Amino acid sequence: MVTLIRYNLEQAGYHFASVKNGRLALEFCRKEKPDLIISDISMPEMDGYELREELIKDENFRDIPFIFLTAKTQTDDKFRGIELGVNHFLIKPFEPELLLMTISNILKG
Amino acid sequence: MAKSIDLIQLYYEIAMSIGLTLDMNKMLKVALTSYMKNLSCTSSAILHLKERSTDTFVFRRIYATPKKIQENGVYLKILDLLSPTFNENQLNSFKKKLPLIGSGHENESYHLLDLPGFGMLLLIRPEGELSTQIIKSISPLNAKLAVACNACLQNRELKKAHKQAVDINRELRQKTLELEKSQNALSESEKKFRTIFENVQDVFYQTDLQGNILEVSPSISRYTENHRGNLVGKPVTTIYHDPMDHSRLLQALKEKKEIQDFNLQLKDKLGKQVFTSVNAHLVFDKYGNPVAIEGSMRDVTVRKHAEEALRESDRLKSDFVSSVSHELRTPLASILGFSSTILRDKKMTAEVKDEFINIIYQESQRLSKLIEDILNISRIESGRVTYRMRKIDCRPIITEILEVHKIQAKEKNIEVFYKFSDERHDISADPDALKQVFSNLFGNAIKFTPENGQIRVRLFKTVNKVSLEISDTGMGIPEKEKDKIFEKFYRVYRPGLETKGTGLGLSIVKEILDAHKAEIEIESEENKGTTFRVNFLSENMEFKSEQETDNIIG
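Being a predicted model, the structure only gives us computed values, none of them experimental.

Brief notes about the overall build of chain B
Across its full length, chain B carries 14 helices and 17 strands. Looking at chain B residue by residue over its 554 residues, the buried ones come to 42%. Across chain B, contacts joining residues at least 24 apart in sequence account for 59% of those joining residues at least 6 apart. Of the roughly 32800 Å² of accessible surface on chain B, a fraction of 53% belongs to carbon and sulfur atoms.

A closer look at unusual backbone geometry
Leave glycine aside and you will find that most residues have negative phi; peptide bonds, for their part, are mostly trans. Residues and elements named next belong to chain B. Cis geometry marks the peptide bond from T65 to P66, where omega comes out at -5 degrees. A cis amide bond, omega -5 degrees, links L98 with the succeeding residue P99. In this structure, P99 sits in the loop between α4 (88-96) and β3 (100-103). The residue S40 is not glycine, and still its phi comes out positive at about 55 degrees. Checked against the element boundaries, S40 lands in the loop between α2 (24-39) and β1 (43-53). For S40, a relative accessible area of 11% gives the class buried. Unlike most non-glycine residues, K517 shows phi in positive territory, near 55 degrees.

Examining the environment of F66(A)
Residue and element names in this part refer to chain A. Positionally, F66 belongs in strand β2 (residues 66-70). For the pair F66 and D35, spaced 31 residues apart in sequence, the C-alpha separation works out to 9.3 Å. If we skip the residues at most four places from it in the chain, F66 touches I37, S39, G48, L51, R52, L55, V86 and H88.

Quick notes on the interface of chain B and chain A
Residue-level contacts link 20 residues of chain B with 21 residues of chain A. Summed over the shared surface of chain B and chain A, the number is 1 salt bridge. A salt bridge links R344(B) to E97(A); the nearest nitrogen and oxygen atoms lie 3.0 Å apart. At the junction of chain B with chain A, the criterion picks out 5 residue pairs in polar contact (both at pLDDT 80 or more). When contributions to the side of chain B that touches chain A are tallied by element, the ones reaching two or more residues are α8 (301-344) and α9 (350-381) of chain B.

Thresholds, definitions, all that
- Residues numbered from 1 in each chain as written.
- Chains lettered and ligands numbered in written order.
- Predicted model: local features only at pLDDT ≥ 70, side-chain atom pairs only at ≥ 80, totals over all residues.
- Heavy atoms only, no water.
- Helix = DSSP H or I, 4+ residues; strand = E, 2+ residues; numbered from the N terminus.
- Buried < 20%, exposed > 50% of the residue type's maximum accessible area, 1.4 Å probe, protein only.
- Contact = heavy atoms within 4.5 Å.
- Areas by Shrake-Rupley, 256 points an atom, 1.4 Å probe, with all protein chains shown as cover.
- Salt bridge = Lys/Arg side-chain N within 4 Å of Asp/Glu carboxyl O.
- Polar contact = N/O pair within 3.5 Å; in protein donor to acceptor, adjacent residues only side chain to side chain.

Following this line, the structure appears as structure tokens:
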């Protein structure tokens, strides 16, 4: 999945970095503030929701645009993204094209 | 015409008539007829003096003859005279005037004479008044007549009383019969009720509104250690598990008057909860006020457990469906994403394209394996798999699987040791199922052992078991995960470990082993290694496959 996104984003001209879980993502943000974060929900050590909660606490990171990727469906627990202020989410499997469009819309607006 | 007054005849006739009968009317008819005949009177009447209440006296007409007397002016005048109520003084002064003798119109004379102790006698003559002498002479006769009248009166009262007594007696007898009948009916009904009450398995009970037990059927001792004897009169919280239940019940009844299927828990002999379902209603007094609660309780513990089991099973099913759906989407997302990217990006280099196509290929394979595993485990769980049990030698199967995984092990430079004795240790198993078990366990060993590690396989026999052991020098399983690893889709997350598996491998192993009545043991230490040991019943032991066993029982 990471490979897929990396390829598509780099082809579109974006600078891309990836980490394996929420905790590492936080560490990354503190070193180098990203312009946009794309995150899975279920990850080991710190999941997507927890990551988002941590980011909100810090005013530096609160406003970084955030996109959730999830394979969860309606039968799962209620999607908590909206409560956490994340309006953009894509449900796997998705067309990479859709991700690119979402990103460009966010960064333009 | 002056008829001669024959007093002697009169005396004689009166004496006769007085003794004739105690019937007032009859007696008076005869007596007055005599009076009138012998004294030449045309009309007569008898008035009775009654004491209405203290110092209140009235005259009551009890006899008058002939009928025409009703029109007689003199008669009416006398009645008038005697119509008011008299007190004692008035009465006495009136009596002093007696005998009251006078004339009316056309020479008609009237004589109002005292009947001492009874009342008055009125005699009306068309001719002149009777002489004082005659009046005096008949005075003893009047006294006798008075006595006779009293006797008749008494007799009448007596007769009335007697009739009343007879009537009462009859009524009493009737009522007694009715009472007997209803008592019998009650007794029958009581017997019937008692039989039901004593033997019913549900609990019937009654409490007052404050929660004191008024009555409870003996069946209560099935549910609690209390017998009926030591519960009546006690508060119902003695047997309710939750002390608030009585007020809850009361509240519900106040709203609905009668309720069904109210959940209520009792305390059983060990203080544990007994789940019951209660149907209850309020009992009202004759004014419409609620005075008691009556109900029946049924043990639904079994039903509750079944409901819980059903809920649990439903939850597990829906969890499974969620998990499967999730698991299938992930490789699918890759396949879709990469193929879409390839198709869109005309400028993609051949290298990248190859890499992506490779990923698509691997993910497709993974998806395929996943689907197969899912189907496999579904079949196993729903009991649609039949194992063909055969007496088999494990050794060639183990060797085959080891061969299949040889390359995989070599890639990680993992050394595999196995040594079998020359002795055959046969077990009763389905060969394909056994292959699956061993393949999954061995595959895990390789997966979770880092490079340059070791795996050792042993096959040995203990008293009545044949054990297959796979030990590795891998990352180990933490204590708290030891039970979880057999859960469907459970995958370990470790940094540096690629979770390529389906998470179903050990679930399948467990299902197969359960069907073979084999146990699995785990020994593990984190970062040191893990040993899985599967114990099969030795073929020398009695072990028949499920189907054979069923036949014997059936």
